[in-house]
Amino acid sequence: MQQANRVKSHLYHVKSFLQRFALILLVILAFGLMLLGKADNVIVSVGQKVLTVVMVPVLEVLSVPVNAVKSYAGDVQELAALKEYNQKLIAQNQEMLEYKKQAKLLKSENEKLAKLLNYKKPPKAKSVSARVVADPGGAFAQSILVLAGREDGVSKGDVVMAKDGLAGRIAYAGEKASQVLLISDVNSRIPVFIEPHGYRAVLIGDNTPKPQITALPEKAEVAVGDKVVTSGDAGVFPAEIEIGVIESKKDGIIKVKPLVNRDRLDIVNIIDFGLKGILENIKCE
Amino acid sequence: MNALYELAKKVFYLTAPFLLVVFLELVGALPIHMPAFSSVAPPLALIPVYYWAVHAPWRFGMFQAFFSGLLLDILFMLPLGINALIFTLLYYFLNRLRRFIAGKPFYVSWLGFALFGTVALMAEWFLVSLSSRQFIGFAGVLISDVFMIVVYPLIALLCYGLIRLSPEEDYE
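Let me sum up the structure you'll find in this document. All values reported here derive from a predicted model rather than from experimental measurement.

Criteria and thresholds
Residues numbered from 1 in each chain as written. Chains lettered and ligands numbered in written order. Predicted model: local features only at pLDDT ≥ 70, side-chain atom pairs only at ≥ 80, totals over all residues. Heavy atoms only, no water. Helix = DSSP H or I, 4+ residues; strand = E, 2+ residues; numbered from the N terminus. Rg over C-alpha atoms; globule rule 2.2 N^0.38 Å. Buried < 20%, exposed > 50% of the residue type's maximum accessible area, 1.4 Å probe, protein only. Contact = heavy atoms within 4.5 Å. Areas by Shrake-Rupley, 256 points an atom, 1.4 Å probe, with all protein chains shown as cover. Buried area = accessible area lost by both parts, 1.4 Å probe. Salt bridge = Lys/Arg side-chain N within 4 Å of Asp/Glu carboxyl O.

1. A short note on the overall build of chain A
No. 1: Secondary structure summary: chain A contains 3 helices and 12 strands in total.
No. 2: Relative to the 2.2 N^0.38 estimate, which gives 19 Å for 285 residues, the radius of gyration of chain A is 25 Å and therefore markedly larger than a compact globule would have.
No. 3: Judged by the C-alpha coordinates and their principal axes, chain A covers about 95 × 50 × 45 Å.
No. 4: When each of the 285 residues of chain A is scored for burial, the buried share is 38%.
No. 5: Considering only intrachain contacts with a sequence separation of at least 6, the fraction spanning at least 24 residues in chain A is 56%.
No. 6: Accessible surface, chain A as shown: approximately 17,800 Å² in total, 59% of it carbon and sulfur.

This is the structure:
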């Protein structure tokens, strides 16, 4: 009886101590996490593991009704435009057949020239398709979670493409799911070429849907509508992947409209081009 | 059987406010596919944290506010600790000032949320910018803030309903 009272008294003291110093304790803990999270990869990877292991199954369940509604809405829209689609497809098919003939000729010519030059081909890219299971919206988050992980051959640094162009790269590969850093994220830096002149620059995200161009040569003149593609510098992305077009130039700020529409990201293609660039030395969890 | 029902009721009483916050955080992370919505989606979880801090702090403590924020950081892949700090400080100040808001007409609570919610978002904008050493887009934060203030009555109604479902008198 006495022991039970002693335990109760201890618990009461611990509780009142915690209540009194809760604010200081939690504020220190939060600042500690912020500082350590910057320096220590272990803490961040624990968070990422919680996200991919614990939350992904819950998100999968919750996304069922959302996907169902989206699917029905899509079906209705498609039905309404069926005739128009059909005509477009017939025209496209004709065009493709012409391209196929030209491609065959070019392929055989290319093979002959490669043989003459003794050209060594780069490794074949491996790709995996994955569904987007979480898209944390808001002004502060520009990353998505996809349902493919190390089990499917995905690894940190892999390139993530949507059907229109570059979407981002794998920031963390979990067992079954992976985190994608979108090109619009504030931490994204991509070396690019601006075509048609081929100026080198860097595309940086600012957490808005339209990333900015920086580090452009002083005398470079770019115009609205110029195409932005990866340059392949730093060896993270291969060259010539389409990103977007220059949308505006105002007060020295050049904004790029990505070809990929984040709101329509549903299925993405994760491609391992065999390039790990500067990420090669960073240990992947 | 009656004891089991009572236990279930008590567990619901103790966990429902926190679970509502977690649920709204998860809903906020779902891909909605609405044009131009992703970059301005409101942080819904801030609403119940405000509501519990002002109207029922005995059901949702500072530690729960901290862990809700931490979970949001993990889920939204933000630098760890940012939302944990904001939710904790928001809870603390609201708890101190709740006598000016609790028990008053609904519009006072709404105005209070407009003020504190805006301050919380500005703080988050500042901390995220500081963490990335670059100012992030501000317009999206403002639109997100407006959305959040507009949906406040809906979530507040949900919180109110939750309180009515398991009144605290049962556990006094």
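2. Considerations on the interface of chain A and chain B
No. 1: Chain A puts 53 residues into the contact, and the matching count from chain B is 45 residues.
No. 2: When chain A packs against chain B, close to 4,100 Å² is buried across both sides, 75% of that on carbon and sulfur atoms.
No. 3: Viewed at the interface, chain B and chain A are joined by 0 salt bridges.
No. 4: Among the secondary structure elements, those contributing two or more residues to the side of chain A that touches chain B are α1 (2-39), α2 (41-80), β1 (126-134) and β2 (143-146) of chain A.

3. Notes on the environment of B:Arg99
Residues and elements named next belong to chain B.
No. 1: Looking at the element boundaries, Arg 99 is found in the loop between α4 (82-97) and α5 (106-132).
No. 2: On the accessibility criterion, Arg 99 (58% relative accessible area) is exposed.
No. 3: The spacing of Arg 99 and Val 54 is 45 residues in sequence and 8.1 Å in space, taken between C-alpha atoms.

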